[in-house]
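# A closer look at the structure
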Amino acid sequence: MTLRQLRYIVAVARYGLNVSATAEHLFTSQPGVSKQIRLLEDELGVEIFERTGRQLTRVTPAGQAIIELANRVLLGAENIEEVAHEFRDPHSGSLTIATTHTQARYALPPVIERFISDYPRVALHMHQGTPMQIAEMAAGGEVDFAIATEAMEHFEDLVMLPCYHWGRAVITRRDHPLAAQEREITLEDVAAQPIITYVFGFTGRSRLDKAFNAAALTPNVVLTATDADVIKTYVRLGLGVGIMANMAYEPDTDDDLVRIDASHLFDDSTTRIGFRRNTRLRGYMYDFIETFAPHLTRGVVDEAAAIADPEERAELFEDLQLPRY
């Protein structure tokens, strides 16, 4: 039994039993992956995957138990490497983050700037994707941290820690009637307009749908996008009003648009940072978390990571007053 064989069976399961996709991801050959899986099955005396001809069709019950243990072994091996690297050179290494465009564009730049200044010999990599993609990358060990707001059900295998709350704004052109309206805008006012907002599953979109549904209103969503820059572009073209994260409005560059506070219309969302349980975090990783969310000190992170139950873990932060943007 080798770590390579364990890595192969875990990856095959993660990629939906697609050996070709697994081989491509691992930069190896499809026959090589298949051969190593067969060798492992022969050594163990059980089938990990059921087959129809050469096609893998499902994970066997024995395979499910073996893959779960293999994940732990691989994580343990990674932690051993991290311990050695930490003692060899605590100020060099790599840090990989998966997040959405909004976080990468508006929340992370000052954090990244400070981190690179403090740790110039740590290679920093950032991936953008959907919440599901972000969760999969983190759970699979492809990235160190996941930073996300939406679809927390996808992150149940991760230690997700609350960083900050953020609200929403309605943005319009300066010549739009809502921009000149003196009274506070209502959901009815917004629902009567063509709306440009986030794709469902991105950046707290579910909070919008929840608010309109509760008011028995059907919003006229004419265009959806994965990031605020696109939303602002089409608002400028006069295609509708935008609903986006309040922090995505930049007074210096968006002064041709009007930002209208919508915190009374939609519940705040919470951005979280997460990592796999039992991962050994290096010193610079703790520093990155604390720079992004100052209340998440090393002690708090370790305490939260030691709690297996997500609901019990959430109780640690019930009385915490998070920053709001």
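Description of the structure in this document. (Residues numbered from 1 in each chain as written. Predicted model: local features only at pLDDT ≥ 70, side-chain atom pairs only at ≥ 80, totals over all residues. Heavy atoms only, no water.)

With that settled, consider the nonpolar core. Membership of the largest hydrophobic core comes to 45 residues, with the highest contact counts inside it found for Phe 145, Ile 273 and Phe 288. In terms of residues, this core owes the most to one element, helix α12 (residues 283–292), which gives 6 residues. If you look at the next biggest cluster of nonpolar residues, it comprises 19 residues, including Tyr 8, Ile 37, Ile 66 and Leu 74. (Core = buried A, V, L, I, M, F, W, Y, C linked by side-chain atoms within 4.5 Å. Buried < 20%, exposed > 50% of the residue type's maximum accessible area, 1.4 Å probe, protein only. Helix = DSSP H or I, 4+ residues; strand = E, 2+ residues; numbered from the N terminus.)

It is worth spelling out the sheet that holds strand β9 (residues 220–225) at this point. Across the sheet, which stays open at both edges, the 5 strands sit in the order β9-β8-β10-β7-β11 with mixed pairing between neighbours. Each end of this open sheet is capped by a strand with a single partner; those strands are β9 and β11 (257–261). The mean inter-strand angle of the sheet, taken between neighbouring strand axes irrespective of direction, is 30 degrees. Of the strand pairs in this sheet, strand β7 (residues 168–173) and strand β10 (residues 241–245) are connected by 4 bridges, and their pairing is antiparallel. The partner of Val 170 across the bridge, within β10, is Ile 243. Here helix α11 (residues 228–236) sits on the sheet in contact with β7, β8 (194–198), β9, β10 and β11, set at roughly 160 degrees to β10. (Pairing = 2+ DSSP bridges. Axes fitted to C-alpha atoms, helices over the stretch in contact; angles between N-to-C directions. Contact = heavy atoms within 4.5 Å.)

What follows covers unusual backbone geometry. Its identity as a non-glycine residue notwithstanding, Leu 17 has a phi of 65 degrees, on the positive side. By the secondary structure assignment, Leu 17 is in the loop between α1 (3–14) and α2 (19–25). On the basis of relative accessibility, which here comes to 11%, the residue Leu 17 falls in the buried class. The phi angle at Ala 216 is positive, at roughly 55 degrees, despite the residue not being glycine. A relative accessible area of 71% means that Ala 216 is categorised as exposed.

Right, let's get into the pattern of salt bridges. Note on pairing: side chains with opposite charge can pair once their charged atoms come close. What the rule picks out here adds up to 15 salt bridges. Of the charged contacts in the structure, one is a salt bridge between Glu 250 and Arg 105, with a shortest N-O distance of 3.0 Å. Pair noted here: Glu 250 is in the loop between β10 and β11 and Arg 105 is in helix α5 (residues 101–107), with a separation of 145 residues, a long-range link. A relative accessible area of 32% means that Arg 105 is categorised as partly exposed. Between Asp 254 and Lys 232 there is a salt bridge whose closest N-O contact spans 2.9 Å. Of this pair, Asp 254 sits in the loop between β10 and β11 while Lys 232 is found in helix α11, placing the two residues 22 residues apart along the sequence. Considered together, Asp 254 and Lys 232 belong to a single accessibility category, that of buried residues. Through salt bridges with shared partners, one network takes in Arg 105, Asp 229, Lys 232, Arg 236, Glu 250, Asp 254 and Asp 256. (Salt bridge = Lys/Arg side-chain N within 4 Å of Asp/Glu carboxyl O.)

To continue, consider α1. Between the first and last C-alpha of α1 there are 16 Å, a value that for 12 residues agrees with the 16 Å anticipated at 1.5 Å per step. Gly 16 lies just past α1 and shows a positive phi near 65 degrees. (Expected span 1.5 Å × (residues − 1).)

Geometric values such as these leave the question of function open.
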